[in-house]
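Observations on the model geometry
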Amino acid sequence: MEVSLQWTDIDIDMDLRVNFTGFHDVQDICEGFEHFYSPSSNDGYIPEGLYPVYVTYAADKDINASLREYQDIIVRIKVPGHDETRVVSLKVLDSLNNGHIADIKVEKQKVKVVLKDDFQRSSTVIYYGSNGGWALSGGSSGGSGGGYYGGGGSSGGWGYTYTPAPIDQGYIYSIIWHLREVVFGPLAGADISIYAINDYNMTSGIGVNPIHTDKTSYGSSVNTAGIITIPNEIFEALDDEKLYVVEAKGGMDIDVNDDRVTDAVPTINVGKARVVMSGSALKNIGFKINILTEMAYQISKKYYNENDLSKFIDKSDEAVKCLLKKDINLDEQINTADALYFTPYSDMDGLYGSFRNEFMPIITDIYSGKDI
């Protein structure tokens, strides 16, 4: 696993910090580069969880608005199965929570195999990592119901002895970027508006008195487009407990098939996509506006009641549970919070198959301005 940080203006002192077992082999050398790595020998010894990556800076000179906007900061994270880069500005770093730009996510890998015994009773063998153990799920153990766990052998009531082949599946690594983005593919040049929920008409989809307006970054590639920048003074004006609507309107999808390659011809969007979240989440989470947040909004909006938000929130959570089977933020539950982290290029396998098959037709309707 590797994390690198690169920048051009050496008068700016950039700092990379990774809360992971490993080594900073390049740090504070005044050459516009820092590097962290974790040797492969650590694989299998890292507990499951989220491991933060922070990028912060200090400057030996005054940073004008132009430098803050256009100084490119290149962050590259390589983990088994993923090699991802983001290019951000100092202005974007300013909008992050203490420079928290990403999490490295570690999960124990599970492999499922369906077997049948001599009596044709089916069950599922679930392997956990490389421990060689197995569990029977959905069958009976000793004829008494429930499951069975072992390292080989047989459970009473099953007609044979089963010893699993040695496996070394190890761990699954992934990257959660804490950049605020509009991601169907990256939606460049979209109009962004933030509204207090009471100032947003759920029926018409039109808001008044926006707290903040801006555009997502145009960028030159999938690594730089679609980023939302929110000034700190806007965060300071938000109430942690209140709900807000963040709306993205228009713009161009520059990678509509999510292959991380910029399309020769962008896909024009004339519709809207939204996310509803608390002021606390808006400040602290690198949220995404995506197909799940828009579906949750569309399904729950008719239950909105400014005097009682409980049903509105419950319906949003239920909508996400019907579409998503993956606990993206590892909090042991699936709800709207997971939708805030969903990115199509890395989390498509977390969608239920029936919804995954409708993914592109729904996006086409959103981009056409149709109500879904």
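These notes cover the structure that comes with them. (Residues numbered from 1 in each chain as written. Predicted model: local features only at pLDDT ≥ 70, side-chain atom pairs only at ≥ 80, totals over all residues. Heavy atoms only, no water.)

Take the sheet that holds strand E1 (residues 2–6) next. With antiparallel pairing, five strands are arranged side by side in an open sheet as E3-E4-E1-E6-E7. The open sheet is flanked by strand E3 (23–26) and strand E7 (82–88), the only strands paired with a single partner. On average, each strand axis in the sheet is tilted by 15 degrees relative to the strand beside it, whichever way the strands run. Summarising the sheet, E3 and strand E4 (residues 33–37) pair through three bridges and their orientation is antiparallel. For His24, the partnering residue across the bridge sits in E4 and is Phe36. (Pairing = 2+ DSSP bridges. Helix = DSSP H or I, 4+ residues; strand = E, 2+ residues; numbered from the N terminus. Axes fitted to C-alpha atoms, helices over the stretch in contact; angles between N-to-C directions.)

Our focus in this paragraph is the nonpolar core. Across soluble globular proteins, nonpolar side chains show a tendency to be buried alongside one another. If you look at the biggest cluster of nonpolar residues, it comprises 42 residues, and the most contacted ones within it are Val246, Leu282, Phe287, Ile289, Ile291 and Leu292. Among the secondary structure elements, those contributing two or more residues to this core are strand E16 (191–196), helix H3 (232–237), strand E20 (243–249), strand E23 (272–278), helix H4 (279–284), helix H5 (291–300), helix H6 (310–323) and helix H10 (359–367). In this structure, Ile289 is in contact with Glu181, Val182, Val183, Phe184, Ile228, Val246, Ala248, Ala273, Arg274 and Val275, ignoring residues within four places of it in sequence. Tyr51, Val92, Ile101 and Val106 belong to the second-largest nonpolar core, a separate cluster that totals 34 residues. (Core = buried A, V, L, I, M, F, W, Y, C linked by side-chain atoms within 4.5 Å. Buried < 20%, exposed > 50% of the residue type's maximum accessible area, 1.4 Å probe, protein only. Contact = heavy atoms within 4.5 Å.)

Let's shift gears to the side chain of Asp327. Topologically, Asp327 is positioned in the loop between H6 and helix H7 (336–339). No salt bridge forms around the buried Asp327; measuring N to O, its nearest opposite-charge neighbour Lys105 is 6.5 Å away. A polar contact is formed between the side chain of Asp327 and the backbone nitrogen of Asp331, at a distance of 3.2 Å. Non-local contacts of Asp327, meaning those with residues more than four positions away in its chain, are made with Lys105, Glu332, Gln333, Ile334 and Asp338. (Lys, Arg positive; Asp, Glu negative; His and termini not counted. Salt bridge = Lys/Arg side-chain N within 4 Å of Asp/Glu carboxyl O. Polar contact = N/O pair within 3.5 Å; in protein donor to acceptor, adjacent residues only side chain to side chain.)

As for its position among the elements, Val18 is in strand E2 (residues 12–18). Residue contacts for Val18: discarding those within four places in its chain leaves Val3, His24, Phe36, Pro52, Val53 and Ile104.

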